[in-house]
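Given next are the chains, with one letter for each unit.
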Amino acid sequence: MKVLITGGAGFIGSHLTDRLLARGDDVLVIDNYATGRHDNLTPQAHLTIVEGTIADQDLVNNLFDNFKPEYVVHAAASYKDPENWAEDSRTNALGTANIVQASEKANVKRVFFFFNFSGFFLTRDGFRFLSQPLRFGRRFCGWFPGSF
Ligand SMILES: NC(=O)c1ccc[n+]([C@@H]2O[C@H](COP(=O)([O-])OP(=O)(O)OC[C@H]3O[C@@H](n4cnc5c(N)ncnc54)[C@H](O)[C@@H]3O)[C@@H](O)[C@H]2O)c1
């Protein structure tokens, strides 16, 4: 099975990648390494790693056209800098739109989306609500082994 994983060098994405490769699937990872780590993934047959951003629609469309994924796991998320609204918007809004549109066009069987919904964050003084009017953050949307 062919699975495209966004944010595949991150915590969730890299563990999923390992599990899928171990059972013989082909995996393509796209990650810009904003919070992901190169040593989270071990280069090997059946794994393609692309360093880039999901906000780049041409790149995303090319990857879908060439790899032709059957399933998509969307685990890329921007949250590193609470003040960087632009990057959060590019990744979490525009990037997600790019992935959803490309998935639809490629007729993928299912998209698994780990939604990011940070309504608040932790400071030294405790939890504080973000003042940003629009912000995607951390919320678990659902991954169930065996759902593929
Ligand atoms: N880890 C958890 O326990 C947990 C729990 C609930 C929800 N989630 C959600 O699941 C998602 C993934 O969480 P995680 O813990 O794996 O985070 P993570 O930071 O380890 O992984 C996110 C990955 O996305 C990559 N990324 C960021 N911007 C990108 C872009 N523009 N293009 C391509 N890649 C980009 C990062 O480099 C990173 O590798 C997040 O939305 C998070 O909120 C995680």
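Above this note sits the structure.
To keep things clear, this report deals only with the structure shown in the data block. (Residues numbered from 1 in each chain as written. Predicted model: local features only at pLDDT ≥ 70, side-chain atom pairs only at ≥ 80, totals over all residues. Heavy atoms only, no water.)

**A word on the sheet that holds strand β1 (residues 2-6)**
Our working definition: Any two strands with at least two DSSP-identified bridges between them are counted as paired. Helix numbering and strand numbering both begin at the N terminus, where a helix is a DSSP run of H or I of at least 4 residues and a strand a DSSP run of E of at least 2. In this analysis an axis means a line fitted to C-alpha atoms, helices contributing only their contacting stretch, and an angle means the value between N-to-C directions, from 0 to 180 degrees. For this analysis, residues touch if any pair of their heavy atoms sits within 4.5 Å.
As summarised here, the arrangement of the five strands in space is β3-β2-β1-β4-β5, forming an open sheet in which the pairing is parallel. The open sheet is flanked by β3 (47-51) and β5 (110-113), the only strands paired with a single partner. Taken over all neighbouring pairs, the strand axes of this sheet differ in orientation by 15 degrees on average, direction set aside. Here five bridges tie β1 to strand β2 (residues 26-31), and the two strands are oriented parallel to one another. Bridge assignment links isoleucine 5 to a residue of β2, and that residue is valine 29. The strands touched by helix α2 (residues 57-67) within the sheet are β1, β2, β3 and β4 (71-74), with β2 carrying the most contacts at an inclination of about 175 degrees. With respect to the sheet, helix α3 (residues 85-105) is in contact with β1, β4 and β5, its orientation differing from that of β4 by roughly 170 degrees.

**Some details on the pairing of β2**
Basically, it comes down to this: The buried label applies to any residue whose accessible area, calculated with a 1.4 Å probe on protein chains only, is under 20% of its type's maximum; exposed applies above 50%, and partly exposed to all values in between.
Extensive coverage of β2 is indicated by the burial of five of its six residues. In terms of strand pairing, β2 meets β3 through five bridges, oriented parallel. Paired with isoleucine 30 across the bridge in β3 is valine 50.

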